[in-house]
Amino acid sequence: MDLAYIPSPSTGVINLGPIPLRGYAFCIIIGVFVAVWYGNKRWIARGGTAGTVADIAVWAVPFGLVGGRLYHVITDYQLYFSEGENWVDAFKIWEGGLGIWGAIALGAVGAWIGCRRRGIPLPAYADAIAPGIALAQAIGRWGNWFNQELYGKPTDLPWALKITESANREAGLYHPTFLYESLWCVGVAALVVWADRRFKLGHGRAFALYVAAYCAGRVWTEYLRVDEAHHILGLRLNVWTAIIVFLLAVTYMVISARIRPGREEIVEPRAEKTEKAGKAASGADADFDADFDSDASEDAVSGAAPDDEDADTDADHDADNGAGSAAKG
């Protein structure tokens, strides 16, 4: 008898009248909001302006969703285009199926477009949002829990995930790989934040660290999974992808540190111009106040002199009148 396990939800959809509220979609949406919110805080700390991260995310998020779905459909095409399958299901993103590799790749294209429109270097933006993306992944993985998908091998561990029977899965207790990856992503976010503060990572190296750390964890969680996947030389396709991307990320960090050490001093030129304009305006106001005070002082001095001269003239006039009256008397 199994005394402890993680239960799966009986359904991943709550119908609010005619509107279906899907747990998978909610997890994705919440993850995006967390990534933008935290990325905005880091961007402001780096010297950027509030709202810039959200403006660029308007480009990055749709591109990322399309890229993630494309990667999943291409690498698991048999689920949609083989005999007996309905190709229309390829568009049902709410039923699960987003490949992080495609999401990051095409999302970077969208971010690049947004950065060019704002005159912002893409590596600096990527560094700011890197830990936020990891947190978004940690939240998004719970969407797999709602859909009872992407679990691991059978296990009798007390934290095993209970899966119910359906047309495409067998009931039983399995490794909760969604939970393993979620916790790993939280650790990746903490690692990137710590390393960024400790070593002042710049020019895309914080983002590369996130990529490398995530790939290291994805290798072992992917190894535990039992869902259908293509294999190359005995390893799942995503394991090979994680290994290759890990090596590319580490190579980038090493080369970037040698070519462009340190961190960008200016991440958003427009914010720098605004700051300089504000300082110039403050300086002009100070000069105006100083000139005004100086003019007022001069007016006070020049205003006192005529009063004294008038007083002396009046005194002389009175004296003359007095002398004349005495002569007449």
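Just so we're clear, the structure is a prediction, and the values are computed from it rather than from any experiment.

Draft legend 1. Region of the structure containing the side chain of glutamate 181. As for its position among the elements, glutamate 181 is in helix H7 (residues 177–199). A polar atom in the side chain of glutamate 181 sits 3.0 Å from the side chain of arginine 141. Glutamate 181 has contacts with Gln137, Arg141, Tyr214, Arg218 and Thr221, leaving out every residue within four places of it along the chain.

Draft legend 2. Broad picture of the pattern of salt bridges. For the structure shown, the criterion picks out 12 salt bridges. Among the ionic pairs, glutamate 268 bridges to arginine 118, the shortest N-O distance being 3.5 Å. Linking glutamate 268 in the loop between helix H9 (237–259) and helix H10 (269–328) with arginine 118 in helix H4 (residues 100–118), this pair joins segments that are 150 residues apart in sequence. Per residue, the accessibility class of glutamate 268 equals that of arginine 118, and both read buried. For glutamate 222, the salt bridge is made with arginine 218, and the minimal N-O distance between the two is 2.9 Å. You can see glutamate 222 and its partner arginine 218 sitting in helix H8 (residues 205–224), 4 residues apart, about one turn around the helix. A residue is classified by how much of its surface remains accessible, and glutamate 222, at 0% relative accessible area, is buried.

Draft legend 3. Examining the environment of lysine 92 more closely. Checked against the element boundaries, lysine 92 lands in the loop between helix H3 (78–81) and H4. C-alpha separation for the pair lysine 92 and arginine 69, spaced 23 residues apart in sequence, amounts to 9.5 Å. Among the polar contacts listed, one links the side chain of lysine 92 to the side chain of aspartate 89, at a separation of 3.0 Å.

Draft legend 4. Spatial organisation of the packing of aromatic side chains. Enumeration according to the criterion identifies 12 aromatic pairs in this entry. Between the aromatic rings of tryptophan 145 and phenylalanine 146, the centroid separation amounts to 5.1 Å while the plane-to-plane angle is 65°, which identifies the pairing as edge-to-face. Ring centres of tryptophan 194 and phenylalanine 199 lie 5.7 Å apart, and the angle between their planes is 90°; on these two criteria the pair is classed as edge-to-face. Every member of this aromatic cluster is reached through a ring pair, and the members are Trp142, Trp145, Phe146 and Phe178. It is lysine 153 that lies over the ring of tyrosine 223; its NZ or CZ is 4.3 Å from the centre.

Draft legend 5. Focus on the environment of tryptophan 145. Relative to the helices and strands, tryptophan 145 resides in helix H6 (residues 142–147). C-alpha of tryptophan 145 to C-alpha of serine 8: the two residues are 137 residues apart in sequence and 6.6 Å apart in space. Setting aside its immediate chain neighbours within four residues, tryptophan 145 contacts Ile6, Pro7, Ser8, Pro9, Leu161 and Phe178.

Draft legend 6. Examining the environment of phenylalanine 207 more closely. Relative to the assigned elements, phenylalanine 207 resides in helix H8. Sequence separation between phenylalanine 207 and proline 123 is 84 residues; the distance between their C-alpha atoms is 7.9 Å. Contacts of phenylalanine 207, omitting those with residues within four sequence positions, involve Ile104, Ala126, Asp127, Ala130 and Ile133.

Draft legend 7. Region of interest: the side chain of glutamine 148. For glutamine 148, the location among the structural elements is in the loop between H6 and strand E3 (161–163). Overall, glutamine 148 belongs to the buried group, its relative accessible area being 7%. Here the side chain of glutamine 148 touches threonine 164 through a polar contact of 2.9 Å, landing on its backbone nitrogen. With near-sequence residues (within four places) excluded, glutamine 148 lies in contact with Ser8, Pro9, Lys162, Ile163, Thr164 and Arg169.

Draft legend 8. Just a nonpolar patch on the surface, in detail. A cluster of nonpolar residues, Tyr77, Phe81, Trp87, Val88 and Phe91, forms a patch on the protein surface that exposes about 590 Å² of accessible area. As for its position among the elements, tyrosine 77 is in the loop between helix H2 (52–75) and H3.

Draft legend 9. The arrangement of the nonpolar core in detail. In terms of nonpolar packing, the biggest core is built from 36 residues, with Trp43, Trp101, Tyr125, Val192 and Tyr210 touching the most fellow members. Setting aside residues no more than four positions away along its own chain, valine 192 makes contact with Ala130, Pro131, Ala206, Leu209 and Tyr210.

Draft legend 10. Focus on the pairing of strand E2 (residues 19–22). Summarising the sheet, strand E1 (residues 13–16) and E2 pair through 4 bridges and their orientation is antiparallel. By the bridge assignment for E2, valine 13 is matched with arginine 22.

The rules behind the values
- Residues numbered from 1 in each chain as written.
- Predicted model: local features only at pLDDT ≥ 70, side-chain atom pairs only at ≥ 80, totals over all residues.
- Heavy atoms only, no water.
- Helix = DSSP H or I, 4+ residues; strand = E, 2+ residues; numbered from the N terminus.
- Polar contact = N/O pair within 3.5 Å; in protein donor to acceptor, adjacent residues only side chain to side chain.
- Contact = heavy atoms within 4.5 Å.
- Salt bridge = Lys/Arg side-chain N within 4 Å of Asp/Glu carboxyl O.
- Buried < 20%, exposed > 50% of the residue type's maximum accessible area, 1.4 Å probe, protein only.
- Phe/Tyr/Trp six-rings, centres within 6.5 Å; stacked < 30°, edge-to-face > 60°.
- Lys NZ or Arg CZ within 6 Å of the ring centre and 35° of its normal.
- Patch = residues over 30% accessible without salt bridge, like charges linked within 9 Å, V, L, I, M, F, W, Y side chains within 5 Å.
- Areas by Shrake-Rupley, 256 points an atom, 1.4 Å probe, with all protein chains shown as cover.
- Core = buried A, V, L, I, M, F, W, Y, C linked by side-chain atoms within 4.5 Å.
- Pairing = 2+ DSSP bridges.

The analysis is restricted to geometry; functional conclusions fall outside its scope.
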